[in-house]
Number of protein chains: 4
Amino acid sequence: MEFARPLPSYLVQRYHGWKATTFEANKVWYRRLVTEGQHPRAMVISCCDSRVHVTSIFGADQGEFFIHRNIANLVPPCEPGGNHHGTSAAVEYAVTVLKVAHLIVLGHSQCGGVQGCIDMCKGKAPQLEERGSFVGRWMDILKPRYETVADIEDAGRQAQQLEKQAVLASLENLMTFPFVASEVAEGGLSLHGLWTDIGVGGLEGYDSAQKKFVPI
Amino acid sequence: MEFARPLPSYLVQRYHGWKATTFEANKVWYRRLVTEGQHPRAMVISCCDSRVHVTSIFGADQGEFFIHRNIANLVPPCEPGGNHHGTSAAVEYAVTVLKVAHLIVLGHSQCGGVQGCIDMCKGKAPQLEERGSFVGRWMDILKPRYETVADIEDAGRQAQQLEKQAVLASLENLMTFPFVASEVAEGGLSLHGLWTDIGVGGLEGYDSAQKKFVPI
Amino acid sequence: MEFARPLPSYLVQRYHGWKATTFEANKVWYRRLVTEGQHPRAMVISCCDSRVHVTSIFGADQGEFFIHRNIANLVPPCEPGGNHHGTSAAVEYAVTVLKVAHLIVLGHSQCGGVQGCIDMCKGKAPQLEERGSFVGRWMDILKPRYETVADIEDAGRQAQQLEKQAVLASLENLMTFPFVASEVAEGGLSLHGLWTDIGVGGLEGYDSAQKKFVPI
Amino acid sequence: MEFARPLPSYLVQRYHGWKATTFEANKVWYRRLVTEGQHPRAMVISCCDSRVHVTSIFGADQGEFFIHRNIANLVPPCEPGGNHHGTSAAVEYAVTVLKVAHLIVLGHSQCGGVQGCIDMCKGKAPQLEERGSFVGRWMDILKPRYETVADIEDAGRQAQQLEKQAVLASLENLMTFPFVASEVAEGGLSLHGLWTDIGVGGLEGYDSAQKKFVPI
């Protein structure tokens, strides 16, 4: 383990700043979060993208959201014994152990993972098609949705539509997990699809009546 | 998709608050993040736990950290074509596409995933041993490390030690990815292991010289 | 060049300390800063005063701020072909080449340059009024603002008000540069006025709605 | 002044962290810096480049260095009534008012300003040659030195040599200021030329006996 290095000094300094201010001002709450355990109301599945700040957008307090972040906020279908365990494990834990009331899939504009999927589908990204490409194999989850946007000529609009399809695919895949479907059926869990436009701070939600995303 | 529901109103309200304040005050930077793309300096792998706020602890700005969150901040070993794609894809994207300079694995106290692993190893969690348990199969990544803490009698201390072992296991597994190992060897990437004690706001870093975690 | 002398030994010693510690712990990041170039998010214009530590106050990492420091953090108006090139060149480079998103003018208490301007305006500093006084000619940028504070009897309060006027004058002068004004208009750049009270570690920001500086 | 904007929130948070830690731990010293005024031992002239951390390299305390930063750490020759007042004013204040004992010019590798000068001399940067280019007119200070490196074929080595020439030009120009020359002659002020290699954390000092820069 001689390869492990000390934390960069600017992060050390910032941590001490947080400890002396935010933590100090909320320490009673943090201690209670330990003695009583976490009881998050919602799980959020969002992208790893550094420009997506779930806690900032929703003014979240410590202890409020159980957050899973992966490339392109994708949920694979339920495949016991199969691939993609990390995301499925996070969903299973949130729904069966923590019993969250809301499960939010948050997509976003300018998603590099979704763009990689488009490039792959257009035959422009041979490296992603290789068996050994983890990103490529992960984006296979979204690939079947490409046909719904294949005819859109404007590249920006095409990407946005596939980003939204990624949210819908994840919502549908969530329903293939028996513990999700039964909680939804019993009214103990509700699913929500969102898409945020980073550059303008926009937020759209999927409206199942209108069958499209509308501004919130 | 009739199961998709509107966003709870308290979150709608908070979003509009964020839009009118934080976003409004930083909109120049958010637009730049779109036109110039993300250039995060570091990737952080942390737990989904609602009590772990990576961006808060490190005073992070939008665009600064590429964040992957899964149960117990685990990284599986490199297995092309095998399981666990989500985490491997996130690491691959961060290191080969975004070329982050720092890769930080952040463990934490009171980790439910790690406790589940202990219970499983003690034969107290048969449901996690089932083939269909996504959490159980995910925690298999950590299972071999249980023997290093099996003799610790105090349950709290045992859990903390295994939480730290989870960080070390992830660091070692990271080095099994060829693209990580080569970047580390060439000095283009450094790995860091951290563990935060939620209740007291503590932060410890793995010191490769002392071969243990020490307060930062 | 026989007048150039070796670096004082106490600085040599400190440099080696930095090299063995801070640099060693962050060398991956420093190398990246070279291979990928600098991409600072913000430019800061502050005073040369030894008591103003921009990077310390803002927990800055290497590569985060493009920093210009001159006497009294002044920006002269745009005068192509005229005087004051050093500051104008720094602003031009930051905005047109580096494309920073934020331009922060940071004033401070106990500013010797501002005090010199007051003395000059009160006829108490004839040496600054001489044509050959570089400090005097530089403070001419601020001189027209003296009338806004001329009636303040308390010397300390008068100095603080003129220090804040120096920040406002610089902000207004920044807007006379076409490349600044157009970026601000297009939303690609935002200007911020700050004033720090050294002795008590205070920080105030100019609030354009209230038309005054308020604590941050 | 409606164009002035609030400070980005992440900087507000970091400031409060600094206030609660670094400032709190040193508040006696900061207060003394106010009551006794600043008495810096040295003035440093360095580049605005975000990768050059003067205070970090030299482990500087608040109040220790009077720091002027401009593009390419250049000092123009003494020209009363002429251009370039900002830098001359900073030098005049440091030497005649603060009476610093050391005046350090700190150059650095990968300097964008120096590269711009090379491009201009090679006829590759017509925009810098325009009368209205502040950066171009500022780099005119260095232009006469280009002939000393014109024959170097390797572009990287050529840039490094001109970066070092910028330090020497500034040292020579400093001596054209009567108040600098007389203080140097009387032994009250010493001049030092340094160049730092950012990527490897190197530091070289100009040795007047060997007439070249040597590692420190």
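Residues numbered from 1 in each chain as written. Chains lettered and ligands numbered in written order. Predicted model: local features only at pLDDT ≥ 70, side-chain atom pairs only at ≥ 80, totals over all residues. Heavy atoms only, no water.

### Considerations on the side chain of Ser50 of chain B
To keep things clear, this is the line we draw: Helix numbers and strand numbers start at the N terminus; a helix is a DSSP run of H or I with at least 4 residues, a strand a run of E with at least 2. Each residue is assigned to one of three classes by its accessible area relative to the maximum for its type, calculated with a 1.4 Å probe on protein chains only: buried under 20%, partly exposed between the two thresholds, exposed over 50%. In protein, a polar contact requires one atom able to donate a hydrogen and another able to accept it; more generally it is a pair of N or O atoms within 3.5 Å, and residues adjacent in sequence count only if both atoms are side-chain atoms. The contact definition used throughout considers only heavy atoms, calling two residues in contact when any of these lie within 4.5 Å.
Along the chain, the position of Ser50 of chain B falls in the loop between β1 (42-47) and α2 (54-57). A relative accessible area of 1% means that Ser50 of chain B is categorised as buried. A polar contact of 2.7 Å, which involves the side chain of Ser50 of chain B, links it to the side chain of Gln38 of chain A. Setting aside residues no more than four positions away along its own chain, Ser50 of chain B makes contact with Gln38, Pro40, Gln62, Gly63, Glu64, Phe65 and Phe66 of chain A.

### A short note on the relation of the copies chain A and chain B
Applicable threshold: Least-squares fitting of one copy onto the other uses the C-alpha atoms of those residues that reach a pLDDT of at least 70 in both copies.
Screw-axis analysis of chain A against chain B gives a translation of 0.0 Å along the axis, an RMSD of 0.1 Å, and a rotation angle of 180 degrees. Both copies are brought into coincidence by an operation consistent with a two-fold rotation axis. Taken together, the interface assignments show that 100% of the residues at the interface of chain A recur at the interface of chain B, consistent with an identical surface on both copies.

### Comments concerning the relation of the copies chain C and chain B
The transformation that overlays chain C on chain B combines an axial shift of 0.0 Å with a rotation of 180 degrees, and the residual RMSD is 0.0 Å. Take the interface residues of chain C: 100% of them recur as interface residues in chain B, which is what a same-surface contact looks like.

### Overview of the packing of aromatic side chains
Residue and element names in this part refer to chain A. Operational definition: Each aromatic pair joins two rings of Phe, Tyr and Trp (for Trp, the six-membered one) with centres within 6.5 Å, and gets the label stacked for planes under 30 degrees apart, edge-to-face for over 60, and tilted for any other angle. Think of it as a cone above the ring: NZ of Lys or CZ of Arg counts as a charge over the ring if it is within 6 Å of the ring centre and within 35 degrees of the ring normal.
Following the criterion strictly, the structure yields 36 aromatic pairs over all chains and no others. Relative to Phe179, the ring of Phe177 lies with its centre 5.5 Å away and its plane at 50 degrees, an arrangement referred to as tilted. We note that Phe177, like Phe179, is buried. Counting every residue linked through ring pairs, the aromatic cluster contains Tyr15, Trp18, Phe23 and Tyr30. Against the face of Trp195 rests Lys164, its NZ or CZ located 4.5 Å from the ring centre.

### Looking at the pairing of strand β3 (residues 102-108) of chain A
When a strand is regular, its side chains alternate between the sheet's two faces. Residues and elements named next belong to chain A. Our working rule: Strand pairing requires that DSSP identify at least two bridges connecting the strands.
Most of β3 is tucked away, with seven of its seven residues classed as buried. Burial along β3 is two-sided: the residues His102, Ile104, Leu106 and His108 and Leu103, Val105 and Gly107 are all buried. Examined bridge by bridge, β3 and strand β4 (residues 190-197) share seven bridges and lie parallel to one another. Pairing of Leu103 across the sheet is with Leu191, part of β4.

### Details of the domain arrangement of chain A
Residue and element names in this part refer to chain A. As a reminder of what qualifies: Residue ranges labeled as domains rest on an automatic or database domain assignment. Here the buried area means the combined drop in accessible surface, using a 1.4 Å probe, for two parts upon being joined, counting both sides. The rule for a salt bridge is simple: a side-chain nitrogen of Lys or Arg has to be within 4 Å of a carboxyl oxygen of Asp or Glu.
Per the domain assignment, the segments making up chain A are domain 1 (7-37) and domain 2 (38-215). A straight line from the C-alpha centre of domain 1 to that of domain 2 covers 30 Å. On the domain 2 side, the residues contacting the six residues of domain 1 number five residues. Summed over both partners, the interface of domain 1 with domain 2 comes to about 420 Å²; 49% of that surface belongs to carbon and sulfur atoms. By the criterion of area lost to domain 2, the three top residues of domain 1 are Trp29, Leu33 and Gly37, representing 66% of everything that side buries. At the junction of domain 1 and domain 2, the tally comes to zero salt bridges.

### A closer look at the interface of chain C and chain B
Keep this limit in mind: Side-chain classes follow a simple rule in which Ala, Val, Leu, Ile, Met, Phe, Trp, Tyr, Cys and Pro form the nonpolar group, Asp, Glu, Lys and Arg form the charged group, and the remainder, Gly included, forms the polar group.
Taken together, the contact pairs 19 residues of chain C with 19 residues of chain B. The largest per-residue losses of area from chain C upon contact with chain B belong to Val28, Arg32 and Arg41 of chain C, which jointly make up 38% of the total buried on that side. Here chain C is connected to chain B by six salt bridges. In this structure, the connection of chain C to chain B is made through twelve residue pairs in polar contact (both at pLDDT 80 or more). Take the side of chain C that touches chain B: its biggest share by element is four residues, from helix α1 (residues 9-35) of chain C. In terms of residue class, the side of chain C that touches chain B is built from five nonpolar, five polar and nine charged.

### What about the pattern of salt bridges?
Under the definition given, this model contains 41 salt bridges over all chains. One salt bridge in this structure joins Asp49 of chain D and Arg51 of chain D, with 2.9 Å as the shortest N-O distance. Comparing Asp49 of chain D with Arg51 of chain D shows no difference in burial state: the two are buried. A single salt-bridge network, built from bridges that share partners, covers Arg14 of chain A, Arg41, Asp61 and Glu64 of chain B, Arg41, Asp61 and Glu64 of chain C together with Arg14 of chain D.

### Some remarks on helix α3 (residues 85-97) of chain B
Owing to its 3.6 residues per turn, the α-helix brings residues three or four apart onto one side. Residues and elements named next belong to chain B. To keep things clear, this is the line we draw: Given the number of residues in a helix, its expected span is that number minus one, multiplied by 1.5 Å.
If you check α3, its first and last C-alpha atoms are 17 Å apart, about what 13 residues at 1.5 Å a residue would give, namely 18 Å. Judged by how many residues are buried, α3 sits mostly within the fold: eleven of 13 residues are covered. Buried within α3 we find His85, Gly86, Thr87, Ser88, Ala89, Ala90, Val91, Glu92, Tyr93, Ala94 and Val95. Looking one or two places after α3, you find Lys99, whose phi comes out positive at around 55 degrees.

### Notes on the pairing of strand β2 (residues 65-70) of chain C
Residues and elements named next belong to chain C. Along β2, six of the six residues are buried, which leaves the element largely enclosed by surrounding structure. Residues Phe65, Ile67 and Arg69 of β2 are buried on one face, and the alternating residues Phe66, His68 and Asn70, pointing to the opposite face, are buried as well. In the sheet, strand β1 (residues 42-47) pairs with β2 via six bridges, with the strands oriented parallel. What sits directly across from Ser46, in β2, is Arg69.

### Things to note about the interface of chain A and chain B
Across the boundary between the two partners, chain A contributes 94 residues, which contact 94 residues of chain B. For the pair chain A and chain B, the summed buried surface comes to about 8,400 Å²; carbon and sulfur atoms form 64% of the total. For the chain A face of the interface with chain B, the top three residues by lost area are Met1, Arg51 and Phe134 of chain A, together amounting to 10%. Between Glu64 of chain B and Arg14 of chain A there is a salt bridge, with its nearest N and O atoms 2.9 Å apart. Counting every contact that joins chain A to chain B gives 41 residue pairs in polar contact (both at pLDDT 80 or more). Within the side of chain A that touches chain B, the residues separate by chemical class into 46 nonpolar, 32 polar and 16 charged.

### Here we look at the UniProt feature "binding site: Zn(2+)" (unreviewed entry) in chain A
All names here are of chain A. How we decide: UniProt positions are given in the numbering used here, feature names are shortened, and annotations may be inferred rather than shown by experiment.
Under the UniProt annotation, "binding site: Zn(2+)" (unreviewed entry) lies at Cys47, Asp49, His108 and Cys111. For the annotated residues, spread through 65 residues, the largest C-alpha to C-alpha distance comes to 8.9 Å, consistent with a single compact locus. Structurally, Cys47 can be placed in strand β1 (residues 42-47). If near-sequence neighbours (up to four positions away) are discounted, Cys47 is found in contact with Arg69, Asn70, Ile71, Ala72, Asn73, Leu106, His108 and Cys111. You can see Cys111 is positioned in the loop between β3 and α4 (112-121). The exposure class of Cys111 is buried, given its relative accessible area of 4%. If near-sequence neighbours (up to four positions away) are discounted, Cys111 is found in contact with Cys47, Ala72 and Glu163.

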